[in-house]
Amino acid sequence: MQTPSISTQQLNAASAEDFAAILAGPPEQTAAWLRTAAEGGVGEAQAVYAQMLLDGQGVKQDLEQAAYWFKRAAEGNHPMAMNMLGQCHHYAWGVPHNAVLAAYWYQLAARAGLDWGMYNYATALALGEGITENRAQALVWFRRAADLGHAKSINIVGGFHEDGWEGPIDMEAAFDHYRRAALGGDFRGQFNYARLLIERAELSEALLWLESVPATATPAFLEKTIAFLSQSPHAAVREKGQWMRQQLMPRT
């Protein structure tokens, strides 16, 4: 995919209305303008252009160039670029896998106030990936992200309460966090909320939440969910597991 060329003169002459039309237009056109702006040192353009390179949207996928532009933006204190550069090091997208560098950039993104940075940094702390394991500090950062409405973090804080990590077991707090995570669209939160509803014999509501899980869950998570539901003493719950199995089948 050949990206059209845009000159610096064209970029400088563009009005706010021009930019709005450009960003709403074909991805190839957007990528061309963003590249010129990125080369001119615009941090937001660098971060967005890097994401387009990572996804292969409007431009040929190039993981090395994506990592390069994320780094340029991150060095300019762009929080999401810091987080994404951490992802690049974590998943070896365009750079070698390096858990230490991943945790470093996640920490910077977290300290810059980005909820996803907080979540990823907390995960690294909880697992001891690239940094000394510290579950107490992990909980601090998960809670900070949760306070910003980050659904995945809210779900994990619920897990801390349910399992008694870094404090006493508190099932009411776990139930409330799973409910909030489910409402926020997190598929793990939806499953955990449904699971506790089943324990409370609130089957009708539990089944409704279980129907939401396949929309965003990974196949691996669905397999574990199906295995769990198949062991339920409630026929309706076992049937929901069979329904989920059908959702995994390839569409013909």
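You'll find the structure just up there.
All figures in this text were calculated on a predicted structure; none of them were measured in a lab. (Residues numbered from 1 in each chain as written. Predicted model: local features only at pLDDT ≥ 70, side-chain atom pairs only at ≥ 80, totals over all residues. Heavy atoms only, no water.)

## Brief notes about the overall build of the protein
At step 1: Along the backbone of the protein there are 15 helices and zero strands.
At step 2: Expressed as lengths along the three principal axes of its C-alpha atoms, the size of the protein is roughly 70 × 50 × 35 Å.
At step 3: Within the protein, contacts between residues at least 6 apart in sequence are counted, and of these 43% link residues at least 24 apart.
At step 4: For the protein, the computed accessible surface area is about 13,000 Å², with 53% contributed by carbon and sulfur atoms.
At step 5: Between the averaged position of the 19 positive side-chain charges in the protein and that of its 26 negative side-chain charges there is a distance of 4 Å. (Helix = DSSP H or I, 4+ residues; strand = E, 2+ residues; numbered from the N terminus. Contact = heavy atoms within 4.5 Å. Areas by Shrake-Rupley, 256 points an atom, 1.4 Å probe, with all protein chains shown as cover. Lys, Arg positive; Asp, Glu negative; His and termini not counted. Charge placed at Lys NZ, Arg CZ, Asp CG, Glu CD.)

## Some details on the side chain of H150
At step 1: Following the sequence through the fold, H150 ends up in the loop between α9 (135-147) and α10 (151-163).
At step 2: Those residues in contact with H150 that lie beyond four places of it in its chain are D115, W116, Y119 and A145.

## Here we look at the pattern of salt bridges
At step 1: A complete count under the given rule lists nine salt bridges for this structure.
At step 2: Between E172 and R200 there is a salt bridge, with the nearest N and O atoms lying 2.9 Å from each other. With E172 in helix α11 (residues 171-183) and R200 in the loop between α12 (187-199) and α13 (203-212), the pair connects residues that are 28 residues apart, well separated along the chain. (Salt bridge = Lys/Arg side-chain N within 4 Å of Asp/Glu carboxyl O.)

## Focus: the nonpolar core
At step 1: Of all hydrophobic cores here, the largest spans 26 residues; its most connected members are Y49, L53, V59, W69, F70, A74 and A81.
At step 2: Considering each element in turn, this core owes the most residues, seven residues, to helix α4 (residues 43-55). (Core = buried A, V, L, I, M, F, W, Y, C linked by side-chain atoms within 4.5 Å. Buried < 20%, exposed > 50% of the residue type's maximum accessible area, 1.4 Å probe, protein only.)

## Describing α12
At step 1: Its 13 residues give α12 an end-to-end C-alpha distance of 18 Å, which sits within 8% of 18 Å, the value for a rise of 1.5 Å per residue.
At step 2: Here α12 lies mainly inside the structure; eleven of its 13 residues are buried.
At step 3: Its buried side turned inward, α12 meets α10, α11, α13, α14 (219-230) and α15 (235-248).
At step 4: At the exit of α12 stands A201, carrying a positive phi of roughly 65°. (Expected span 1.5 Å × (residues − 1).)

## Digging into α15
At step 1: The terminal C-alpha atoms of α15, which comprises 14 residues, lie 20 Å apart, in line with the 20 Å expected from a rise of 1.5 Å per residue.
At step 2: Among all positions of α15, only V237, K240, G241 and M244 are buried. For α15, the angular spread of buried residues about the axis comes to 105°, placing them on one side. Turned more than 90 degrees off the buried face of α15, the exposed positions are E239 and Q242.
At step 3: On its buried face, α15 sits against α12, α13 and α14. (Arc of directions from axis to C-beta.)

## Quick notes on the packing of aromatic side chains
At step 1: As enumerated under the stated definition, the model contains 14 aromatic pairs in all.
At step 2: On the basis of an interplanar angle of 20° and a centroid distance of 5.0 Å, the ring pair of Y91 and W93 is categorised as stacked.
At step 3: Consider the rings of F187 and F221, whose centres lie 5.0 Å apart with planes at 65°: the pair is edge-to-face. Of this pair, F187 sits in helix α12 while F221 sits in helix α14; the two residues are 34 residues apart in sequence, bridging distant segments of the chain. Each of the two residues, F187 as well as F221, counts as buried.
At step 4: Put simply, the rings of W116, Y119, F142, F160 and W165 pair up and form one aromatic cluster.
At step 5: Residue placement shows R200 over the ring face of F175; its charged tip is 3.6 Å from the ring centre. (Phe/Tyr/Trp six-rings, centres within 6.5 Å; stacked < 30°, edge-to-face > 60°. Lys NZ or Arg CZ within 6 Å of the ring centre and 35° of its normal.)

## Examining the environment of E202
At step 1: Mapped onto the fold, E202 is located in the loop between α12 and α13.
At step 2: Separated by 20 residues in sequence, E202 and L222 have C-alpha atoms that sit 22 Å apart.

## A closer look at the packing of helix α6 (residues 79-91) against helix α7 (residues 99-111)
The axes of two packed helices give the description: the angle between them and the distance between them.
At step 1: Contact geometry of α6 with α7 gives a least axis separation of 8 Å together with a crossing angle of 165°. Judged by the angle between their axes, α6 and α7 are roughly antiparallel. In terms of crossing hand, the pair formed by α6 and α7 is left-handed. Taken together, the residues of α7 that come into contact with α6 (itself represented by P79, M82, N83, L85, G86, Q87, H89 and H90) are L101, A102, W105, Y106, L108 and A109.
At step 2: For the contact of α6 with α7, the class distribution of residues is nine nonpolar, five polar and no charged. (Axes fitted to C-alpha atoms, helices over the stretch in contact; angles between N-to-C directions. Parallel < 35°, antiparallel > 145°, perpendicular 65-115°, else oblique. Left-handed = near helix turned anticlockwise from the far one by under 90°. Nonpolar A, V, L, I, M, F, W, Y, C, P; charged D, E, K, R; others polar.)

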